[in-house]
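# Descriptive structure summary
Each chain is listed here by its residues.
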Amino acid sequence: MESPISRTDLNCISLADPDIQKSVELLKQACLDSGFFYVVDHGISQEFMDEVFYQSKKFFDLPHSEKMKLLRDEKNRGYTPMLDEILDPENQVNGDYKEGYYIGVEVPADNPDSNRPFYGPNQWPSEEVLPKWREVMEQYHREALRVAKSVARIIALALDLDVDFFDRPEMLGEPIATLRLLHYEGQVSNPAKGVYGAGAHSDYGLITLLATDDVVGLQICKDRNAQPQVWEYVAPVKGGFIVNLGDMLERWSNSIFRSTLHRVVLDGRQRYSIAYFVEPSHDCVVECLPTCKSETNPPKFPPITCSAYLSQRYKDTHADLSAYSDGKA
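Residues numbered from 1 in each chain as written. Predicted model: local features only at pLDDT ≥ 70, side-chain atom pairs only at ≥ 80, totals over all residues. Heavy atoms only, no water.

On to the side chain of Ser307. Summarising the element assignment, Ser307 is placed in helix H7 (residues 306-317). Ser307 has contacts with Pro117, Phe118 and His282, leaving out every residue within four places of it along the chain. (Helix = DSSP H or I, 4+ residues; strand = E, 2+ residues; numbered from the N terminus. Contact = heavy atoms within 4.5 Å.)

Below, the structure is given as structure tokens:
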């Protein structure tokens, strides 16, 4: 029988705090400890956040046949059905008990950049079915990117880099930023039997901004190598983001900053969350930062482009699209 799971305390960073050094120290400690922290006072109104959640729920309330018309494409845009994703194949008996919707950076089909992975036109529900939906999601995409860039500036200072290190064109000037709406069905998870809302994983990119409803479900494991692993709940924070570091930042920082395992364990209630994954541009080479290596601490990871790294990670965790060809016809 699993032991009771406690709640963890996370550092809370206010983007309105004029004392930037205080924010840097809080973030640095969080990144060394768990790679998770809260961000508040980010400038996105509670009214607008409520509207985004309302519109997200309206989409997931559509009939399955309507949602499948927007099944994710080869650019990873659109709808992902229940069990489409399996994040922890060694421990899961099925896929994740969640459905999702990917919205990336909008690049028109006639733009040469639309040929690149993760760029291209988004898929959108029709105005007749969901009026205002696209407008709300595009605004949220812009607002969340602004918040992410503010957080990235604090991360740069915490790594002894120039404050605008991540603002450059090859970094977040032309990012692969992906909004993902998520709905977990009202099912009880059972880790002992391999049943999860979302299996244990670390995120792929630079950082993730997570907004959640008030249903607890997110758990983190600060030491992935511990036996047995110890899991702790992360409490939702009204009006704020739960922010976590991705694997690319762990590579950049030479494992000084942590990309931490997390999972979603459900108690039978439906749960809605909105993840915003922030990655640098396609051609950005992710390699050990000069401030994170020394003679005694040489680079642990070989350089890799953002595009190559992401493409492999998505391929590893999602069902092959051909599996849906019969159901979509």
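Now that the structure has been shown, the text picks up again.
A word on the environment of Asp88. Mapped onto the elements of the fold, Asp88 is located in the loop between strand E3 (78-80) and strand E4 (98-103). Given a relative accessible area of 12%, Asp88 falls into the buried group. C-alpha of Asp88 to C-alpha of Arg263: the two residues are 175 residues apart in sequence and 9.3 Å apart in space. Aside from chain neighbours lying at most four places away, what touches Asp88 is Gly199 and Ala200. (Buried < 20%, exposed > 50% of the residue type's maximum accessible area, 1.4 Å probe, protein only.)

This part is about the nonpolar core. In terms of nonpolar packing, the biggest core is built from 93 residues, with Phe37, Tyr140, Ile155, Phe166, Ile207 and Trp252 touching the most fellow members. It is helix H4 (residues 133-158) that contributes the most residues to this core, 14 residues altogether. When neighbours within four sequence positions are excluded, Ile155 is seen to be in contact with Leu27, Phe166, Ile207, Leu245, Leu249 and Phe257. (Core = buried A, V, L, I, M, F, W, Y, C linked by side-chain atoms within 4.5 Å.)

A few words on the UniProt feature "domain: Fe2OG dioxygenase" (unreviewed entry) in the protein. In the numbering adopted here, UniProt assigns the feature "domain: Fe2OG dioxygenase" (unreviewed entry) to residues 175-280. For residues 175-280, helix accounts for 6% and strand for 41%, while the C-alpha atoms at its two ends are 5 Å apart. (UniProt positions renumbered as here; feature names shortened; annotations may be inferred.)

Here we take up the packing of aromatic side chains. Following the criterion strictly, the structure yields nine aromatic pairs and no others. The ring of Phe165 carries Arg168 above its face, with NZ or CZ at 4.4 Å from the centroid. Note that Arg263 overlies the ring of Trp231, its terminal NZ or CZ placed 4.0 Å from the centroid. (Phe/Tyr/Trp six-rings, centres within 6.5 Å; stacked < 30°, edge-to-face > 60°. Lys NZ or Arg CZ within 6 Å of the ring centre and 35° of its normal.)

Quick look at the packing of helix H2 (residues 46-60) against H4 now. Running from N to C, H2 and H4 point in directions that differ by 130°, and their axes come no closer than 10 Å. In terms of orientation, H2 lies oblique with respect to H4. As H2 packs across H4, the resulting crossing turns out to be left-handed. Of the residues in H4, those touching H2 at Phe48, Met49, Glu51, Val52, Gln55, Ser56 and Phe59 are Trp133, Val136, Met137, Gln139 and Tyr140. In terms of residue class, the contact of H2 with H4 is made up of eight nonpolar, three polar and one charged. (Axes fitted to C-alpha atoms, helices over the stretch in contact; angles between N-to-C directions. Parallel < 35°, antiparallel > 145°, perpendicular 65-115°, else oblique. Left-handed = near helix turned anticlockwise from the far one by under 90°. Nonpolar A, V, L, I, M, F, W, Y, C, P; charged D, E, K, R; others polar.)

Here we come to the environment of His42. Relative to the assigned elements, His42 resides in the loop between strand E2 (36-40) and H2. Exposure remark for His42: the relative accessible area of 5% places this residue in the buried category. Beyond its immediate sequence surroundings of up to four residues, His42 is in contact with Leu15, Arg146, Val147, Gly239, Gly240 and Phe241. Reaching out from His42, the side chain makes a polar contact with the backbone nitrogen of Ile44 at a distance of 3.1 Å. (Polar contact = N/O pair within 3.5 Å; in protein donor to acceptor, adjacent residues only side chain to side chain.)

Within the open sheet, the eight strands sit side by side as E1-E2-E10-E7-E12-E5-E4-E3. Their pairing is mixed. Every other strand in the sheet has two partners, leaving strand E1 (12-14) and E3 as the edge strands with one partner each. Each adjacent strand pair in this sheet contributes to an overall mean axis angle of 25°, direction not counted. Across the sheet, helix H1 (residues 20-33) lies against E1, E2 and strand E10 (241-245), angled at about 150° from E1, the strand it touches most. The strands that H2 touches are E3, E4, strand E5 (176-184), strand E7 (207-212), E10 and strand E12 (271-279); relative to E12, the one it contacts most, it runs at about 110°. (Pairing = 2+ DSSP bridges.)

Let us look at H1. For H1, with 14 residues, the first-to-last C-alpha span of 20 Å sits near the 20 Å given by 1.5 Å per residue. Among the residues of H1, those classed as buried are Ser23, Val24, Leu27, Ala30 and Cys31. When H1 is viewed along its axis, its buried side chains cluster within an angular range of 135° and face the same direction. Buried positions along H1 lie against E1, E2, H4 and E10. Two residues or fewer after H1 comes Gly35, characterised by a positive phi angle close to 75°. (Expected span 1.5 Å × (residues − 1). Arc of directions from axis to C-beta.)

Two elements in contact, H1 and H4, have axes separated by 9 Å at closest approach and are oriented at 80°. Between H1 and H4, the crossing angle belongs to the class labelled roughly perpendicular. Here Ile20, Ser23, Val24, Leu27 and Lys28 of H1 come into contact with H4, specifically with Val151, Ile154, Ile155, Leu157 and Ala158. Residues belonging to the contact of H1 with H4 are distributed by class as follows: eight nonpolar, one polar and one charged.

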